[in-house]
Amino acid sequence: MKPRSESDSNASGCRSQSAFALIDGNSFYVSCERVFNPKLEGKPLVVLSNNDGACIARSEEAKALGVPMAVPYFQIRKAFERAGGIAYSSNYGVYAELSQRMMSVIGQFSDRQEVYSIDESFIQWTGFHRFDLTTLAVDLRKRVKRWVGIPAGVGIGATKTLAKSANRLSKKHPDFKAQGVCNLLALPEAVQDTYLARLEVGDVWGVGARWAQKLQSLRIRSALDLKQVDPGWIRQQVSVVLERTALELRGIASIELEEAPPPKQQIISSRSFGQPVTSLDELSQAVSAYTARAAENLRAQASRAGALTVFLQTNPFDPKEPQYYPSITIRLGPSSADTRILMRAALSGLKHIYKPGCRYRKAGVMLPDLSAATVEQGDLFSELFDPAAGIIQQADRERLMTTLDQLNQKLGRGTLWIVAEGFQQNWRMRRENLSPAYYTSHWDQLPVVRA
DNA sequence: TCTGGGGTCCTAGGACCC
DNA sequence: TCTGGGGTCCTAGGACCC
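Keep in mind that what you see is a predicted model, and the values were worked out from it rather than measured. (Residues numbered from 1 in each chain as written. Chains lettered and ligands numbered in written order. Predicted model: local features only at pLDDT ≥ 70, side-chain atom pairs only at ≥ 80, totals over all residues. Heavy atoms only, no water.)

Draft legend 1. Local environment of the pairing of strand S6 (residues 120-129). Bridge count for strand S5 (residues 113-117) against S6 is four bridges, and the pairing is antiparallel. Among the inter-strand pairings, Val115 is bridged to a residue of S6, identified as Ser121. Linkage of S5 to S6, two consecutive antiparallel strands, is achieved through a turn of two residues. (Pairing = 2+ DSSP bridges. Helix = DSSP H or I, 4+ residues; strand = E, 2+ residues; numbered from the N terminus.)

Draft legend 2. Representation of the packing of helix H6 (residues 160-172) against helix H12 (residues 240-249). One way to put it is that H6 packs onto H12 with a least axis distance of 7 Å and a crossing angle of 70°. Considering the angle they form, H6 stands roughly perpendicular to H12. Contact residues: Lys160, Thr161, Leu162 and Ser165 in H6; Thr245, Glu248 and Leu249 in H12. Looking at the contact of H6 with H12 residue by residue, the class counts come to two nonpolar, three polar and two charged. (Axes fitted to C-alpha atoms, helices over the stretch in contact; angles between N-to-C directions. Parallel < 35°, antiparallel > 145°, perpendicular 65-115°, else oblique. Contact = heavy atoms within 4.5 Å. Nonpolar A, V, L, I, M, F, W, Y, C, P; charged D, E, K, R; others polar.)

Draft legend 3. Up close: the packing of aromatic side chains. One pass over the full model with this rule turns up 13 aromatic pairs. Ring geometry for Tyr29 against Tyr92: centres 5.6 Å apart, planes inclined by 90°, an arrangement best described as edge-to-face. Here the residue Tyr29 occupies a position in helix H1 (residues 28-36), and Tyr92 occupies one in helix H4 (residues 92-107), the gap between them amounting to 63 residues. Since its relative accessible area comes to 32%, Tyr92 is described here as partly exposed. (Phe/Tyr/Trp six-rings, centres within 6.5 Å; stacked < 30°, edge-to-face > 60°. Buried < 20%, exposed > 50% of the residue type's maximum accessible area, 1.4 Å probe, protein only.)

Draft legend 4. Fine view of the sheet that holds strand S4 (residues 86-89). Read from one edge to the other, the open sheet built from three strands follows the order S3-S2-S4, with strand pairing classed as mixed. Looking at strand neighbours, the two that pair on one side only are strand S3 (55-58) and S4, the edges of this open sheet. Across the sheet, the mean angle from the axis of one strand to that of its neighbour is 30°, orientation sign disregarded. As paired elements, strand S2 (residues 45-48) and S3 share three bridges and run antiparallel to each other. Across the sheet, residue Val46 finds its bridge partner in S3, namely Arg58. Strands in contact with H1 are S2, S3 and S4; relative to S2, the strand with the most contacts, it is inclined by about 110°. Seen against the sheet, helix H3 (residues 73-82) touches S2, S3 and S4 and runs at an angle of roughly 155° to S2.

Draft legend 5. Molecular detail of the protein's contact with DNA strand C. Taken together, the neighbourhood of DNA strand C is formed by 13 residues, with Glu120, Lys164, Gly206, Gly208 and Trp211 sitting nearest. The share of sugar and phosphate among atoms of DNA strand C within 4 Å of the protein is 100%. Gly208 is positioned such that a nitrogen or oxygen atom in its backbone is 3.1 Å from a phosphate oxygen of DNA strand C. In this structure, Trp211 approaches DNA strand C through a main-chain N or O atom, which is 2.8 Å from a phosphate oxygen. Elements supplying a minimum of two residues to the surface near DNA strand C: S5 and helix H9 (209-217). Here the surface near DNA strand C takes three residues from H9, the largest share from any one element. Tallied by class, residues from the surface near DNA strand C come to six nonpolar, three polar and four charged. (Near = heavy atom within 4 Å. Polar contact = N/O pair within 3.5 Å; in protein donor to acceptor, adjacent residues only side chain to side chain.)

Draft legend 6. The arrangement of the protein's contact with DNA strand B in detail. What surrounds DNA strand B is a group of 21 residues, the closest being Asn50, Ile268, Ser270, Ser272 and Arg361. Counting only the atoms of DNA strand B that lie within 4 Å of the protein, the sugar and phosphate share comes to 73%. Here a sugar or linking oxygen of DNA strand B sits 2.9 Å away from a polar atom, N or O, in the side chain of Ser49. Between DNA strand B and Ile268, the relevant distance is 2.6 Å, taken from a phosphate oxygen to a main-chain nitrogen or oxygen of the residue. Among the secondary structure elements, those contributing two or more residues to the surface near DNA strand B are H12, strand S9 (267-277) and strand S12 (360-367). When grouped by side-chain class, the residues that make up the surface near DNA strand B number seven nonpolar, eight polar and six charged.

Draft legend 7. Broad picture of a nonpolar patch on the surface. Residues Leu407, Leu411 and Leu416 make up a contiguous nonpolar surface patch of roughly 250 Å² in combined accessible area. By secondary structure assignment, the location of Leu416 is in the segment after helix H16 (387-411). (Patch = residues over 30% accessible without salt bridge, like charges linked within 9 Å, V, L, I, M, F, W, Y side chains within 5 Å. Areas by Shrake-Rupley, 256 points an atom, 1.4 Å probe, with all protein chains shown as cover. Salt bridge = Lys/Arg side-chain N within 4 Å of Asp/Glu carboxyl O.)

Draft legend 8. Structural detail: the packing of H4 against helix H5 (residues 132-148). Across the interface, H4 lies against H5 with an axial gap of 10 Å and an inter-helix angle of 145°. Once H4 is placed against H5, the crossing between them reads as right-handed. Facing Leu98, Arg101, Met102, Val105 and Ile106 of H4, the residues of H5 in contact are Leu140, Arg143, Val144, Trp147 and Val148. (Left-handed = near helix turned anticlockwise from the far one by under 90°.)

Limitation: the analysis is restricted to geometry and does not speak to function.
Structure representation (structure tokens):
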């Protein structure tokens, strides 16, 4: 383990002990669509959420037309399309593939990397000359663009929160926009502060709408204000979480780099339906399908679930409809990662909460109480009385699930599925303008790269 | 007609125990 | 008049992130 933030105390300050960079893809989903369809360059473009509901990524041109983040598409559709705007349904398979490539290119620039989200990665540098970091970041950006096709922004600072702020500046502030890189470490602290003064407190990583409002009322309006206030007082007034943010703004590293993400503590699979669903039959299919997905993710991280929650939702936006948001949690005897066992639990739960006469908009399955699959949680009653049979059954189960996962991974999701998931699947979400799948691992479907 | 999905951490309060 | 006090575990809710 490395000593953390043993900060560079010699006064010359020409070497930085530890620097964080945050790299993120600009309008990531939009940029992904453009990688495979260069004609979209320069056009107002949005990518829609599941079910073609809301705009979750916007090109600069779309932002310029005034398309707000997360706006329901139907509200802007007419005007947007009249202005030449184009909307794509989200195509997560493609985005995930490009994300992996981008992350691996970024990883070439440091041996300490945290993949923070589908489009963001932190890396940590130690012992570099702080001015050289700018050059390094410029190279990184060029390489990501050339090798993956995604334009990216880079922010560099002494802590993760400062790197985040710098990244924001790299996109917003004219001093950095052209280069796409903002290296706060290359600036004297007084100059850094002038930039922090121009960053709204609500734009700081870790400050959401609620806390921004609260801070405003305490006369803390900019990132600099938050940096200069006493962190202990912030803890008193708001929370220990925000105290950490305040410390980070002062350059005191309080949020560590997480190189290997810990296994998830809960797994959720849920979707809105393409159209309202009323019948138990269709709900059963949907819940079965979501359970299958959740179970697949569960096995992918080598965990088992001790319980399962099923929930339903009517349309919250329709004031005339009676609202109903039931959920039920079912304890599984011994924890399990077997799709069939989880499905049985899910369907029995569904029967308990299903009420005829409601128009359901959404259903989902949650797997809480996860544990590592290596920990054998024997069932006292079956395995104690018949250990041999118990073990054989368990081994069989695992082999079957492994085979299922391998086939689906190799031949595509949905190659092998459990009949309860249904054949018709009328409840499937809408994706009216989906770009082709571009199976980027298949030679014959490789995109053409522009020189 | 049409409004995403999937996570984390922290705290407060109740149940339970000694 | 006068009712212990402290620890642990669990859950729900509220905040945050992308």
